[in-house]
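# Analysis of the macromolecular model
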Amino acid sequence: MVIEIYKCDMVFYCNDIQRNKKIPKPASVFSIYFANLRCINFIPEMDRENTYDNPHIIKLFEGNPGNKIIVVGGIHGNEEAGIHAIENILKSFTNYFDPGKGSVYFLKGNIPALENGERFIEKDLNRLWIPDIINRKKPVYQDEIPLKKLHSLIINDICKNKTQGCTFIDLHTFSASSGLFCIPADNPQSIEMARSFGVPFIEKLSTNLQGTTLEYFGAKGMTSVVFEGGTHGTREAVNNLTYALWHAFAYKGVIDENIDAVTKSREALRSISRQYPHHLELIYHHQLETYHNFRMKEGYYNFKPVKKHEPLALQEGKVIDSPSDGYILMPLYQEKGSDGFFIVTEK
Ligand SMILES: [Zn+2]
């Protein structure tokens, strides 16, 4: 009868089908998941901040443990749009969330950097997801504190060291002036999910960037995608990230895909993306030192076509040319950042 036992320290109600009544369970106990009795009706609006005691939690909706979706906003502290998109979703998520189909965890990324409105404090948190850095006892950079807290929350508390079957969605924005796109980790289920958004998606980018959440969780067998919603600080970016989340929850089955929010979000993503190529791959990455003397030429934006030898930027007084034909991606128009630009081509 008992199929699975897991630590559940939240109050929930279990429909006992045989006795046809709801049994309230107390908080902070090991509860038993009777799969054969279809244990349903977890109270989704329960706020778990105190039970996990981790400041990175925005809101948790725990239900079926077989399909866990982890959403993070603000891995970069100057990208608050992800947090605002989560807030948008939370306004009505309880109306649609089906706890029998999965669990959803909304988290915030680099808290000190978010408080300062800076991309990071000392080192880009999205370049630190490397086992040697995660496991070192004494942090070298301040940004390793949120790194360790997030890592322990996601791997130990949420995934319970069973990452297969978990999904990771990382919400970002960029400094260029237009576009939206998705980047999958280098595994088939991530590529399929990236394709499903209907926006441009770029392969071979995740393996090119060392120490990202995308690469780290993808390598652990998770479905892992980054969604880049638009320009930092714009309402458009918040809207696009909100659309992406509605789609993603329906795609993963934790909400009904026939609700208005999903239909409208899918239409919006398709309509915005009509002007862009759909399936692309990385062919060049112009990498910089963290403290660089790099100035992108004005007028570049995501997916602007570029020609081989076209002058794109100035670096240490030298002109940087495009190494090939293609489309430019994420041209850098901010001081902090270690990626000057990317060149992608249609696949
Ligand atoms: Zn970012």
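Placed above this text is the structure.
Since this is a predicted model, take the numbers as computed values, not measurements.

Regarding its fold elements, the chain presents 10 helices and 18 strands. Considering the chain as a whole, with its 347 residues, one finds that 43% of them fall into the buried category. At a minimum sequence separation of 6, the contacts of the chain that also span at least 24 residues come to 67%.

With that out of the way, let us pick up helix 7 (residues 188-196). Within helix 7 the residues assigned to the buried category are S190, M193 and A194. The buried side chains of helix 7 occupy one side of the element, clustering within an arc of 100° when seen end-on. Those residues of helix 7 that are exposed and angled more than 90 degrees off the buried face are P188 and E192. Buried residues belonging to helix 7 abut strand 9 (181-184), strand 10 (201-203), helix 8 (213-219), strand 11 (223-231) and helix 9 (235-251). Of the residues flanking the end of helix 7, it is G198, one or two places downstream, whose phi is positive at about 80°.

Unusually for a residue other than glycine, F303 sits at a positive phi of about 70°. Tracing the sequence through the fold places F303 in the loop between strand 13 (294-296) and strand 14 (305-306).

Here we take up the packing of helix 2 (residues 81-90) against helix 9. Closest axis-to-axis distance for the helix 2/helix 9 pair is 8 Å, and the angle between their directions is 55°. The pairing of helix 2 with helix 9 is recorded here as oblique in orientation. Helix 9 is crossed by helix 2, and the crossing has right-handed handedness. On helix 9, the residues that touch A81, G82, H84, A85, N88 and I89 of helix 2 are A237, V238, L241, T242 and L245. Here the residues of the contact of helix 2 with helix 9 sort into seven nonpolar, four polar and no charged.

We now examine the packing of helix 9 against helix 10 (residues 260-273). The N-to-C vectors of helix 9 and helix 10 enclose an angle of 125°; their axes lie 8 Å apart at closest approach. Taken together, the axis directions place helix 9 and helix 10 in an arrangement best described as oblique. Taken as a pair, helix 9 and helix 10 cross one another with a handedness that is left-handed. In this structure, helix 9 contributes N240, Y243, A244, W246, H247 and A250 to the contact, and helix 10 contributes A261, V262, S265, R266, A268, L269 and I272. Each residue belonging to the contact of helix 9 with helix 10 can be placed in one class, and the counts come to nine nonpolar, three polar and one charged.

What follows is about the nonpolar core. If you look at the biggest cluster of nonpolar residues, it comprises 88 residues, and the most contacted ones within it are I70, V71, L107, C182 and I183. Per-element accounting of this core gives the leading share, 10 residues, to helix 9. Mapped onto the domain boundaries, this core takes at least three residues apiece from domain 2 (43-273) and domain 3 (280-346). Beyond its immediate chain neighbours, meaning those up to four positions away, L107 contacts H56, I57, I58, I70, V71, V72, L150 and L153.

With antiparallel pairing, the three strands of this open sheet are ordered in space as 13-15-16. The open sheet is flanked by strand 13 and strand 16 (318-321), the only strands paired with a single partner. On average, each strand axis in the sheet is inclined to that of its neighbour by 30°, with strand direction left out of account.

This part takes up the pairing of strand 12 (residues 279-287). Here strand 10 runs beside strand 12; their pairing, made up of three bridges, is parallel. If you follow I202 over to strand 12, its bridge partner there is L280. Here strand 12 pairs with strand 18 (residues 339-346) via seven bridges, running antiparallel. For Y284, the partnering residue across the bridge sits in strand 18 and is I343.

Parameters at a glance
- Residues numbered from 1 in each chain as written.
- Predicted model: local features only at pLDDT ≥ 70, side-chain atom pairs only at ≥ 80, totals over all residues.
- Helix = DSSP H or I, 4+ residues; strand = E, 2+ residues; numbered from the N terminus.
- Buried ≥ 20, exposed ≤ 12 C-beta atoms within 10 Å, placed from the backbone.
- Contact = placed C-beta atoms within 7 Å.
- Arc of directions from axis to C-beta.
- Axes fitted to C-alpha atoms, helices over the stretch in contact; angles between N-to-C directions.
- Parallel < 35°, antiparallel > 145°, perpendicular 65-115°, else oblique.
- Left-handed = near helix turned anticlockwise from the far one by under 90°.
- Nonpolar A, V, L, I, M, F, W, Y, C, P; charged D, E, K, R; others polar.
- Core = buried A, V, L, I, M, F, W, Y, C linked by C-beta atoms within 7 Å.
- Domains from an automatic or database assignment.
- Pairing = 2+ DSSP bridges.

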